[in-house]
Amino acid sequence: SLEPLRHAVARIHFGPRHRQLVIQGMEPDSIHERVIDAKYRIVEVPPEGLVVSSKLAEVLGAKRGDLVTVEFLEGRRRKVEVPLVNFSEDFSGLVAHMDRRALQNALTDMRFGWFARKTTGDIVLIGWVCVRTQAIMVRNLRSSAFIEQY
């Protein structure tokens, strides 16, 4: 099965401290990528807010419930305040997770939804839809043809 995801480079600020990292936007019910806590239990990624590694929270000096400033380093380079809602454990250290839709909404006011679909005959279609204009772009991976629909 396929799961959509979104990553965004950002600088997370709390008070005078900050760290630059990649925020991992994921589906809340993801089965391929899961967020775990120190006791290896699955941590839910909420519809709003950040789940950060306990090490990142320690480095920033932030605790659960604090508002952190996320400065995106791509696109329109927006700054948003986001609550820190939970902690995770990660072997790579400084990690932040966010609901994919919430991440996309924070990045831009022109929302896109990605999809992938396997059809009969092993033809795979991938595409995206702009929520605001309802424009749809579809690509057939087998023939590399683009099909636009409005």
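All figures in this text were calculated on a predicted structure; none of them were measured in a lab.

## Considerations on the pattern of salt bridges
Oppositely charged side chains may form a pair once their charged atoms are brought near each other.
Working step 1: For the coordinates displayed, the defined rule picks out 7 salt bridges.
Working step 2: A salt bridge links Arg100 to Glu27, with the nearest nitrogen and oxygen atoms 2.5 Å apart. Residue Arg100 is found in helix α2 (residues 100-107), and its partner Glu27 is found in the loop between β2 (17-26) and β3 (50-53); the two are separated by 73 residues along the sequence.
Working step 3: A salt bridge links Lys55 to Glu58, with the shortest nitrogen-to-oxygen separation between them at 3.5 Å. Linking Lys55 with Glu58, this pair stays in helix α1 (residues 54-60), spanning 3 residues, or about one helical turn.
Working step 4: Judged by relative accessible area, which is 55%, Glu58 ranks as exposed.
Working step 5: Each of Glu27, Arg100 and Arg101 takes part in salt bridges that share partners, so that together they form one network.

## So, the pairing of strand β4 (residues 67-72)
Where a strand is regular, its side chains alternate between the two sheet faces.
Working step 1: Where strand β1 (residues 6-14) lies against β4, 4 bridges are found, and the strand directions are antiparallel. By the bridge assignment, Ile12 is partnered in β4 with Val70.
Working step 2: Looking at chain direction, β4 and strand β5 (residues 79-88) are connected through 5 bridges and run antiparallel. Note that in β5 the partner of Thr69 across the bridge is Glu81.
Working step 3: Once β4 ends, the chain turns through 6 residues before running back antiparallel as β5, passing Gly75 with a positive phi of about 60°.

Each value, and the rule that gives it
- Counting of residues starts from 1 at the beginning of each chain's written sequence and follows it residue by residue.
- Given that this is a predicted model, residues contribute local features only at a pLDDT of at least 70 and side-chain atom pairs are listed and counted only at 80 or more, while totals for whole chains, interfaces and linings are drawn from all residues.
- Only hydrogens and water are set aside; all other atoms, that is, all heavy atoms of the structure, feed into the side-chain values.
- Throughout this description, the term salt bridge denotes a Lys or Arg side-chain nitrogen within 4 Å of a carboxyl oxygen of Asp or Glu.
- Strands here mean DSSP runs of E at least two residues long; helices mean DSSP runs of H or I at least four residues long; both are numbered from the N terminus.
- Three exposure classes are used, based on accessible area relative to the maximum for each residue type with a 1.4 Å probe and protein chains only: buried under 20%, partly exposed in between, and exposed over 50%.
- Any two strands with at least two DSSP bridges between them are considered paired.

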